[in-house]
Amino acid sequence: MSTAADLLEAWRGELVHSRRRSPHTVRAYLGCADRLLKALGLADWEGVACLEAHDLRRHLANRRAEGIGNASAARELSALKSFIAYARQQSGDPDPAAPRLRGPRVKKGLPRPVTPDEASNLAKLVAGNAKAGWIGARDRAVLLLLYGSGLRIAEALSLKGRDAPLGEVLQVTGKGGKQRMVPILPITRAAVADYCAKCPWPLAADEPLFRGAKGGTLSPGMVQKATAQARRALGLPDTATPHALRHSFATHLLGAGADLRSLQELLGHASLGSTQIYTKVDAATMLENYRDAHPRAKKR
């Protein structure tokens, strides 16, 4: 007889091994599935497979009553539809489609890049705030990989000891197991080499390159926490996150004349549409600079 834990473990395996989702996505999808199973008291694939649109609508209404917004509700609906489709597949449904239910409209905001000076100051202060010199060197190296090469934080933290020392280019495995080559700036190579020299843990070829304080795998949360502390000290907005450094990489390259196709390859986007949003970011930055600089702009 199956349990809810059995279902979640099977779903985890599907997400990690078959769909190759990022660790962040796996955690989010498992959390959504866990809430659904607990709310409805389900513990077998047949019960999940029988859920229809009205069941999801009722569950999401309860979640909205708990205070989640449109964006969170849309993400949760997407996760649950995938979970139910998988349950139908496990139950032998010949056509394991998800329930047909449209999510709430979500206005997609533009990424908020930081300036080159802000990125540099952020990495420098994160290093200076660390409790140990090697931890500061580690966090600075991670942030420079995000800003200098456009890596996602999960991609940076998935690097292995064999990847060091870094060369002028690095092969990265991104979403869906897709591999791409990214350039590595001299300052980033130097930062990673500095971290490797100071790290108190042996950096074996098959072990994570970036280590936590006790030698385990470094979690994204630790980098995000250190960045949050530094941005408050610098007076930067809450949008100045590690992921914003990746946005900044894209925006600054586009502003310097990089073409969209090249940028798509560097970022590891599956579609050009995902990359095109940065044309809007660049236009927004240009307009903001114009308003700040032009003597008559603020009067209009």
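None of these values were measured; they are calculated from a predicted model.

Thoughts on the packing of helix H7 (residues 133-149) against helix H11 (residues 242-255)
It is at 6 Å that the axes of H7 and H11 come closest, and there the two elements cross at 30 degrees. Classified by the angle their axes make, H7 and H11 are roughly parallel. Handedness of the H7/H11 crossing: right-handed. Here Leu143, Leu146, Tyr147, Gly148 and Ser149 of H7 lie close against H11, whose contacting residues are Pro242, Leu245, Arg246, Ser248, Phe249 and His252.

Observations concerning the environment of Leu8
Along the chain, Leu8 turns up in helix H1 (residues 4-18). Classification of Leu8 as buried rests on a relative accessible area of 16%. Residues Leu8 and Gly31 lie 23 residues apart in sequence; the distance between their C-alpha atoms is 9.2 Å. Apart from residues no more than four positions distant in its own chain, Leu8 is found in contact with Leu30, Ala33, Asp34 and Leu37.

Brief notes about the pairing of strand E2 (residues 179-183)
Here E2 shows a clear split, with Arg180 and Val182 buried on one side and none of Gln179, Met181 and Pro183 buried on the other. Pairing of strand E1 (residues 169-173) with E2 involves five bridges; the strand directions are antiparallel. Bridge pairing in E2 links Val172 to Arg180. The hairpin formed by E1 and E2 contains five residues between the paired strands, and Gly176 there has a positive phi angle of roughly 70 degrees.

Rules and cut-offs
Residues numbered from 1 in each chain as written. Predicted model: local features only at pLDDT ≥ 70, side-chain atom pairs only at ≥ 80, totals over all residues. Heavy atoms only, no water. Axes fitted to C-alpha atoms, helices over the stretch in contact; angles between N-to-C directions. Helix = DSSP H or I, 4+ residues; strand = E, 2+ residues; numbered from the N terminus. Parallel < 35°, antiparallel > 145°, perpendicular 65-115°, else oblique. Left-handed = near helix turned anticlockwise from the far one by under 90°. Contact = heavy atoms within 4.5 Å. Buried < 20%, exposed > 50% of the residue type's maximum accessible area, 1.4 Å probe, protein only. Pairing = 2+ DSSP bridges.

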